[in-house]
Amino acid sequence: MVQFDNARQLVQELQPEVPVVCQRPHLAERAARRFLEGFPGDVLYAVKANPAPWLIETLYGAGIRHFDAASLTEVRLVREHAPGATIGFMHPVKMERAIAEAYFVHGVRIFSLDTEAELEKILTATQGAADLTLCVRLQVSSDLAKISLSSKFGADESADASLLQAVRGKAERLGVCFHVGSQAMSPAAFAGAMDRAARAVRRAGVIVDVLDVGGGFPATYPGMEPPDLEAYFAEIAAKFEDFPKAGNARLWCEPGRALSADAESVIVMVMGRKDDALFINDGAYGSLYDAAHLGWRYPAQNLAREGAETPFRLYGPTCDDADQMFGPFYLPEATQVGDYIEFGTLGAYGRSMVTGFNGYGRFQEAGLADDPFPSLFKGAPEMAAEEINR
Ligand SMILES: Cc1ncc(COP(=O)(O)O)c(C=O)c1O
């Protein structure tokens, strides 16, 4: 891996013709430390946010010992790059063969589900295994999150109690899980979902061994400055105290975005300019997927010039109308063809969204040592490495 002090040095030396994904391991380690220190339970990294092997290895090295996989490919990836990790296969609808390989080949014992049909499938695929931790996914509100995850998965209030009872009868450990939506802007998102889960557990009259509050922990983006993560951790810890559960019950979370967002940026080149529109070599079918499809904004810096800034809209390199990112992205007025722009906080749902559409999708990789963008983790007290190796 080629290393530079910062992005300016990188573009001077490489003059890259394809986008460059920049890895910042020190920022992944900082995020891991903050979760391991602050979250009052086990932290599962949700691999879907960024499945880069370097990131899985870095988080594992920093003390993250649990991973949330959403597919068999992710299960295999974690097993390869974090060999001793505990893996949860947390997609509620899985192929039977994927469950069998996860269980028999990769040692996965944790699965999520939201129907009795999936329970049967898991039991068939694992040949009636008696050592399963089965997490019932509940449908919860996404009202306090920027990206909804409330409509596709999760047992609703008409079905949750009977499903909890059915799973209790088959699982060694019964878990309850949910997802409050990605980029949850308030700790109240978790408090509301935990109340809703507590009601379901009381209605079902079951003993719960695991409460998994899922992902949704935020990162900082322009126009989206959430409260400190400590406020989320404190709210979750307080609610867990009163949650109906077994005496030795565990609390889990599955952050994807919050553990990965700061860890990568992407450098693009300006290929054309028309007034306030810049044509760049990455976009809606690449790492700027969320900028195009969700109107997400990322911090941006022109690596070639400084000066008074003005709002720009961006077009990606493909021929498709959808390949546009209206931001606005604030860059120097004098920005022109040939300039390089670095977008920060692109470690979550950036590289994981890249496609090969129109012949694009290739990128270079490099390591950077600096910390130029706003972050929820800046200024946080850091733990000594030996304290987190648990
Ligand atoms: C089951 C599950 N867990 C965790 C995550 C990660 O969420 P986030 O990146 O918002 O933390 C997701 C995202 O879709 C998910 O579906």
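Residues numbered from 1 in each chain as written. Predicted model: local features only at pLDDT ≥ 70, side-chain atom pairs only at ≥ 80, totals over all residues. Heavy atoms only, no water.

The name that an unreviewed UniProt entry assigns to the protein is ornithine decarboxylase, with the source organism given as Parvularcula mediterranea. Under Cofactor (unreviewed entry), UniProt gives the following word-for-word description of the protein: "pyridoxal 5'-phosphate". (UniProt positions renumbered as here; feature names shortened; annotations may be inferred.)

A. Summary view of the overall build of the protein. Scanning the protein for helices and strands turns up 12 helices and 19 strands. Taking 390 residues into account, the globule formula puts the C-alpha radius of gyration at 21 Å, and the protein, at 22 Å, falls close to it. A buried classification covers 57% of the 390 residues belonging to the protein. Contacts in the protein between residues at least 24 apart in sequence constitute 74% of all its contacts with a sequence separation of at least 6. Element-wise, carbon and sulfur atoms account for 49% of the exposed surface of the protein, whose accessible area totals about 15,400 Å². Both charge centroids of the protein, one from 36 positive and one from 52 negative side chains, sit 4 Å from each other. (Helix = DSSP H or I, 4+ residues; strand = E, 2+ residues; numbered from the N terminus. Rg over C-alpha atoms; globule rule 2.2 N^0.38 Å. Buried < 20%, exposed > 50% of the residue type's maximum accessible area, 1.4 Å probe, protein only. Contact = heavy atoms within 4.5 Å. Areas by Shrake-Rupley, 256 points an atom, 1.4 Å probe, with all protein chains shown as cover. Lys, Arg positive; Asp, Glu negative; His and termini not counted. Charge placed at Lys NZ, Arg CZ, Asp CG, Glu CD.)

B. Quick look at the sheet that holds strand β12 (residues 250-253). Spatially, the eight strands close up into a barrel ordered β3-β4-β5-β6-β7-β9-β11-β12, and their pairing is parallel. Ignoring strand direction, the axes of neighbouring strands in this sheet form an average angle of 25°. Two elements, strand β5 (residues 86-89) and strand β6 (residues 110-113), share two bridges in a ladder whose sense is parallel. Across the sheet, the residue bridging to G88 is I110, located in β6. (Pairing = 2+ DSSP bridges. Axes fitted to C-alpha atoms, helices over the stretch in contact; angles between N-to-C directions.)

C. How the structure looks around the packing of aromatic side chains. Inspection of every chain in the model, using the stated rule, returns 18 aromatic pairs. Plain terms: the ring middles of F39 and F217 are 6.3 Å apart, the flat faces sit at 85° to each other, and that makes the pair edge-to-face. Here F39 is found in the loop between α2 (25-38) and β3 (42-46), whereas its partner F217 is found in the loop between β11 (210-212) and α9 (229-242), with 178 residues between them in sequence. Here the two residues F39 and F217 agree in accessibility, since each one is buried. (Phe/Tyr/Trp six-rings, centres within 6.5 Å; stacked < 30°, edge-to-face > 60°.)

D. Highlighting helix α7 (residues 160-168). For α7, the complete set of buried residues consists of D160, A161, L163, L164 and V167. Buried residues of α7 fall within an arc of 165° about the axis and therefore sit on the same side. Elements that come into contact with the buried residues of α7 comprise β6, α6 (116-125), β7 (133-137), β9 (173-177) and α8 (188-204). (Arc of directions from axis to C-beta.)

E. Examining the site of the ligand more closely. Inspection of the region around the ligand gives 14 residues, with H179, S182, E254, R257 and Y349 positioned closest. At 3.0 Å from a nitrogen atom of the ligand is found a side-chain nitrogen or oxygen belonging to D68. At 2.8 Å, a side-chain N or O of H179 approaches an oxygen atom of the ligand. Structurally, the ligand is housed in the largest pocket. Classifying every residue of the shell around the ligand gives four nonpolar, five polar and five charged. (Near = heavy atom within 4 Å. Polar contact = N/O pair within 3.5 Å; in protein donor to acceptor, adjacent residues only side chain to side chain. 1 Å grid on protein atoms, 1.4 Å probe; cavity = no way out; pocket = protein on both sides within 12 Å on 5 of 7 lines; lining within 4 Å. Sits in = over half its atoms within 2 Å of the grid points. Nonpolar A, V, L, I, M, F, W, Y, C, P; charged D, E, K, R; others polar.)

F. How the structure looks around the state of the cysteines. Per the stated rule, a full pass over the model turns up zero disulfides. Here C177 stays free of any disulfide, with the sulfur of C135 as its closest cysteine sulfur at 5.1 Å. (Disulfide = S-S within 2.5 Å.)

G. Just the domain arrangement of the protein, in detail. Partitioning the protein into structural domains gives domain 1 (3-22 + 261-368) and domain 2 (25-260). Measuring from the centre of the C-alpha atoms in domain 1 to the corresponding centre in domain 2 gives 32 Å. Counting residues at the interface gives 16 residues for domain 1, matched by 24 residues for domain 2. Buried area between domain 1 and domain 2, both sides added, is near 1,700 Å², and the carbon and sulfur share of it is 60%. Broken down residue by residue, the surface that domain 1 buries against domain 2 is led by A263, W296 and Y349, which jointly contribute 35%. Two residues, D262 and R30, come together in a salt bridge whose shortest N-O distance is 3.9 Å. (Domains from an automatic or database assignment. Buried area = accessible area lost by both parts, 1.4 Å probe. Salt bridge = Lys/Arg side-chain N within 4 Å of Asp/Glu carboxyl O.)

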